[in-house]
Amino acid sequence: MGARNTYQILAFLPCILLFGVMSTTSLEVGYYTKCAKTCPQAEIIVKAVVHKYIAMDPGFGAGVIRMFFHDCFVRGCDASVLLDPSPQNPNPEKLSVVNNPSLRGFEVIDEAKETLERVCPGVVSCADIIAFAARDASYFLGGISYEIPSGRLDGRVSIADEVLKSLPAPFQNLTVVNALFAAQGLSTDDVVALSGAHSIGRSHCSSFTTRLYPTIDPTMDQGFGSFLRTKCPQNANEDGVVPQDFVTPEQLDNQYYQNVADLKGLFFSDWSLLTSGETLNLLNDFRTKPELFAAKFGESMVKMGDIGGTQGEIRKTCRAVNYNY
Ligand code: HEM
Ligand SMILES: *[C@@H]1O[C@H](CO)[C@@H](O)[C@H](O)[C@H]1NC(C)=O
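Residues numbered from 1 in each chain as written. Chains lettered and ligands numbered in written order. Predicted model: local features only at pLDDT ≥ 70, side-chain atom pairs only at ≥ 80, totals over all residues. Heavy atoms only, no water.

**A short note on the coordination of the iron atom of ligand 1**
Phase 1 of the analysis: The protein gives the iron atom of ligand 1 a lone donor atom, His198 (NE2), placed 2.1 Å from the metal.
Phase 2 of the analysis: Mapping His198 onto the fold places it in the loop between α8 (188–195) and β1 (202–204). (Donors = N, O, S within 2.8 Å, 3.2 Å for Na, K, Ca; no water. Helix = DSSP H or I, 4+ residues; strand = E, 2+ residues; numbered from the N terminus.)

Right under this line is the structure:
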């Protein structure tokens, strides 16, 4: 018996040492396949759930990619965006006008978490589930493939007022968007690469109608503006939705950059990528080289996934912080 136990202890020794040294300092690829407290199936399970939802509606994929962005930019990638309002915290990030009602895909994360809690309870953070889901959606919608480090923890703080201050708005110019990305340690190149996500999903009319009425913004193709007016009539009862990319609406590809070059991006912030030499050069590179876009998009997603602290917990359910006994 002695030999076997000794062997097991020796096998786990590097793990114990690594855990002690590394767990609070950096994320690792394949985190859940390593060490004693593990869940080797974690990434496979998330991928299967994402696949199932995207097969029903590719919009779920767009939703989780945007969710990753909105999570990471507010208090780091800590799943703070997932917390429901509660008596203790009636106004979480989820209720900010930036997220409500447009952010979608919460049921994808819920189902992945419920499955994981059955297979390996208390091990996989909601923050990592969002990061995995965004990676998998990039693969299913764009064939973009990259490894995403994990080992994030779930935060206990979520404040609606912080969302508007941290996330860029569609009417903001390149200077402001760059500054908000720089505040997260992201570069202008990351702005250009990640904006390519606007080649999938949708937008509500209310996010860009100031560019349609009373006159069509001169920074927008006038024919495209007239067309958008038919999709988004003034004084409509409901806030309509249109695809981000009318050419390949369900493909995460480099069509976005062609649309922006053609003045057919929905947002002023999209158009503003044409307003500096640096962003214009990269836009043209991505517009003409799909593989370059795919590679840089993956790199920038990994970089965005690094934002954040190391404080937190593994939630039991993604919609609420753990109860403190
Ligand atoms: C650069 C600054 C950005 C601005 C100003 C911006 C703004 C917006 C707005 C206003 C919408 C439409 C929401 C609605 O009305 O339904 C939207 C949609 C979307 N954004 Fe961004 N965004 C930016 C960057 C990003 C980044 C970095 C990502 C992810 C990498 C991203 C991913 C998406 C996706 C996938 C959608 C479609 C969501 C869906 O279909 O549910 N955006 N964005
Ligand atoms: C960008 O927007 C900010 C805030 O509205 C403004 O102060 C700044 O002058 C604008 N910059 C450019 C280059 O338009």
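More follows now that the structure is in view.
**A closer look at the site of ligand 1**
Phase 1 of the analysis: Among the 24 residues in the neighbourhood of ligand 1, the closest are listed as Arg104, His198, Arg202, His204 and Ser207.
Phase 2 of the analysis: Arg104 places a side-chain nitrogen or oxygen 2.7 Å from an oxygen atom of ligand 1.
Phase 3 of the analysis: The separation between an oxygen atom of ligand 1 and a polar side-chain atom of Ser207 is 2.7 Å.
Phase 4 of the analysis: Of all elements in the fold, only α3 (59–72), α7 (174–182), α8 and β1 reach the threshold of two or more residues within the shell around ligand 1.
Phase 5 of the analysis: With four residues, the top contributor of residues to the shell around ligand 1 is α3.
Phase 6 of the analysis: By residue class, the composition of the shell around ligand 1 is 12 nonpolar, nine polar and three charged.
Phase 7 of the analysis: There are two domains that each give the shell around ligand 1 at least three residues, and those are domain 1 (3–167 + 306–324) and domain 2 (174–303). (Near = heavy atom within 4 Å. Polar contact = N/O pair within 3.5 Å; in protein donor to acceptor, adjacent residues only side chain to side chain. Nonpolar A, V, L, I, M, F, W, Y, C, P; charged D, E, K, R; others polar. Domains from an automatic or database assignment.)

**Quick notes on the site of ligand 2**
Phase 1 of the analysis: The immediate surroundings of ligand 2 are formed by Asn173, Thr175 and Val176.
Phase 2 of the analysis: Interatomic distance of 2.3 Å between a side-chain N/O atom of Asn173 and an oxygen atom of ligand 2.
Phase 3 of the analysis: In the complex, 23% of the free accessible area of ligand 2, which totals 370 Å², lies under the protein chains. (Areas by Shrake-Rupley, 256 points an atom, 1.4 Å probe, with all protein chains shown as cover.)

**Quick look at the pattern of salt bridges**
Phase 1 of the analysis: This structure, assessed with the given rule, holds 15 salt bridges.
Phase 2 of the analysis: Here Glu43 ties to Arg135 by a salt bridge, and the two come within 2.8 Å at their closest N and O atoms. Here Arg135 lies in helix α5 (residues 126–142) and Glu43 lies in helix α2 (residues 42–56), a separation of 92 residues in the sequence.
Phase 3 of the analysis: When its relative accessible area of 10% is taken as the criterion, Arg135 is described as buried.
Phase 4 of the analysis: Here Arg152 and Asp128 are joined by a salt bridge, their closest N and O atoms 2.7 Å apart. Here Arg152 is found in the loop between α5 and α6 (160–166), whereas its partner Asp128 is found in helix α5, with 24 residues between them in sequence. By the burial criterion, Arg152 is buried, and Asp128 matches it.
Phase 5 of the analysis: Each of Asp84, Lys94, Asp110 and Arg319 takes part in a single network of salt bridges with overlapping partners. (Salt bridge = Lys/Arg side-chain N within 4 Å of Asp/Glu carboxyl O. Buried < 20%, exposed > 50% of the residue type's maximum accessible area, 1.4 Å probe, protein only.)

**Looking at helix α13 (residues 290–304)**
Phase 1 of the analysis: Across its 15 residues, α13 extends 21 Å between first and last C-alpha, which sits within 8% of the 21 Å expected from 1.5 Å per residue.
Phase 2 of the analysis: Of all the positions in α13, only Phe293, Phe297, Gly298, Ser300, Met301 and Met304 are classed as buried.
Phase 3 of the analysis: Lining the buried residues of α13 we find α3, α5, α8, α10 (255–261) and α12 (277–288). (Expected span 1.5 Å × (residues − 1). Contact = heavy atoms within 4.5 Å.)

**Focus on the state of the cysteines**
Phase 1 of the analysis: What the rule picks out here adds up to four disulfides.
Phase 2 of the analysis: Covalently, Cys72 is tied to Cys77 through a disulfide, its sulfur atoms 2.1 Å apart. Residues Cys72 and Cys77 share a disulfide whose torsion about the S-S bond is about 115°; that sign makes it right-handed.
Phase 3 of the analysis: Between the sulfur atoms of Cys205 and its disulfide mate Cys232 the distance is 2.1 Å. One disulfide, between Cys205 and Cys232, carries an S-S torsion of -75° and so falls in the left-handed class. A residue pair is termed long-range when its members are at least 10 positions apart, and Cys205 in the loop between β1 and α9 (222–231) and Cys232 in the loop between α9 and β2 (241–243) qualify at 27 residues. The two residues Cys205 and Cys232 agree in class, both being buried. (Disulfide = S-S within 2.5 Å.)

**Side note on the nonpolar core**
Phase 1 of the analysis: One finds Phe68, Leu82, Ile109, Leu116, Met301 and Met304 to be the most contacted residues of the largest nonpolar core, which totals 71 residues.
Phase 2 of the analysis: Both of domain 1 (3–167 + 306–324) and domain 2 (174–303) provide at least three residues apiece to this core.
Phase 3 of the analysis: Ignoring sequence-local partners within four residues, the contact set of Ile109 consists of Val64, Met67, Leu82, Ile129, Ile130, Ala133 and Cys318. (Core = buried A, V, L, I, M, F, W, Y, C linked by side-chain atoms within 4.5 Å.)

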